[in-house]
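The chain contents come next:
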Amino acid sequence: MSGPTSDVPALALRGLVKRFGQTLAVAGLDLDIPAGSFYGVVGPNGAGKTTTLSMATGLLVPDAGEARVHGVDVWRQPAQAAPLLGILPDGMRLFDRLTGPELISYAGLLRGMSAEVVAARRDDLLAALDLRAGGATLVADYSAGMTKKIALACALVHAPRVLVLDEPFEAVDPVSATAIRAILERFVAAGGTVVMSSHVMALVERLCTHVAVVGGGRVLAAGSLDDVRAGQGLEERFVGLLGGATETPELSWLRPSSD
Ligand SMILES: Nc1ncnc2c1ncn2[C@@H]1O[C@H](COP(=O)(O)OP(=O)(O)OP(=O)(O)O)[C@@H](O)[C@H]1O
């Protein structure tokens, strides 16, 4: 076992398997995410992206396989792995009877940070993510985009080395998306690693240095964006890898005038 060093992948996934009843959601998935990369994970609905990212970050117990963050085993050494990771899970289960500022403070204090540092970072994050107007509103009453932003703030407050974000731009308005992009790009420029799942190919092409295409619980292609695109657009390549565009059945009854 090696400790956190920069010459090992930020995230190394080996033979990850997860089964839900009859469904093999993740089917022996291997992936190395280089330190300092902005890594996009794309794939069709039900491909296994969320399940993989959940197993990679200690949220969902794998049936088999292992996940290491900077060399630290996520499942065998959770106390060492947790500080290295900032996680924005899908379908966040937040303590939503707190206000936004309270939630960020809670996340920071839970990581063992001092109250002063937490307070300063909380104010920075609320400003950077344009959440100051949320004030005394409970997170339960936030809009979907505000909820995503407050969850991102909680993922950032302890300054992790690796950010794992499940669809971070979903439901976020364009102004906030620009702010989030800037935060993530600065994080990577400073040596951090971002892993994000997305369905928006244009966004992945614009932001990511690397990409993995996942289908049927396996990695179908992975590497630098240019290697995976292989001279095509990412969307074309994606459709090619996933078996090509299928014919859409005509919904002959779908006419405003039909009865
Ligand atoms: N908790 C669960 N119980 C049962 N089946 C599940 C559960 N979570 C995921 N699955 C199944 O596992 C498979 C992979 O789901 P997953 O959510 O990982 O896909 P995804 O690539 O993130 O999809 P999407 O792009 O739609 O978010 C799907 O068939 C899904 O129905």
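Everything below is about the structure shown above.
Here goes a summary of the coordinates provided. Not measured: the values here are computed from a predicted model.

When helices and strands are tallied, the protein chain shows 9 helices and 10 strands. Relative to a compact globule of 259 residues, whose C-alpha radius of gyration would be 18 Å, the protein chain shows 19 Å and is just as compact. Within the protein chain, the fraction of its 259 residues that count as buried is 39%. Sequence-distant contacts, at least 24 apart, represent 68% of the contacts inside the protein chain between residues at least 6 apart.

Pairing in this open sheet of 4 strands is antiparallel, and the strands run β2-β1-β4-β5 from one edge to the other. Each of the sheet's edge strands pairs with one partner strand only, and the pair in question is β2 (23-33) and β5 (72-73). As defined by bridge partners, strand β1 (residues 11-20) adjoins strand β4 (residues 64-69) across 5 bridges and the pair is classed as antiparallel. Bridge assignment links Arg 14 to a residue of β4, and that residue is Glu 66. Most of the contacts of helix α1 (residues 49-56) go to β1, to which it runs at about 120°, and overall it touches β1, β2 and β4.

Here the focus is the sheet that holds strand β3 (residues 38-42). Taken in spatial order, the 6 strands make up an open sheet running β6-β7-β8-β3-β9-β10, and their pairing is mixed. Unpaired on one side and paired on the other, β6 (85-88) and β10 (218-224) mark the two borders of the sheet. Averaged over all pairs of adjacent strands, the angle between their axes in this sheet comes to 15°, without regard to strand direction. Where β6 meets strand β7 (residues 162-166), 4 bridges bridge the pair, whose relative direction is parallel. By the bridge assignment, Leu 88 is partnered in β7 with Leu 165. Each of β3, β7, β8 (193-197) and β9 (210-215) touches α1; the most contacted strand, β7, lies at about 150° to it.

Cut-off values and rules
Residues numbered from 1 in each chain as written. Predicted model: local features only at pLDDT ≥ 70, side-chain atom pairs only at ≥ 80, totals over all residues. Helix = DSSP H or I, 4+ residues; strand = E, 2+ residues; numbered from the N terminus. Rg over C-alpha atoms; globule rule 2.2 N^0.38 Å. Buried ≥ 20, exposed ≤ 12 C-beta atoms within 10 Å, placed from the backbone. Contact = placed C-beta atoms within 7 Å. Pairing = 2+ DSSP bridges. Axes fitted to C-alpha atoms, helices over the stretch in contact; angles between N-to-C directions.

Everything listed here is a matter of coordinates, which is why it stays silent on function.
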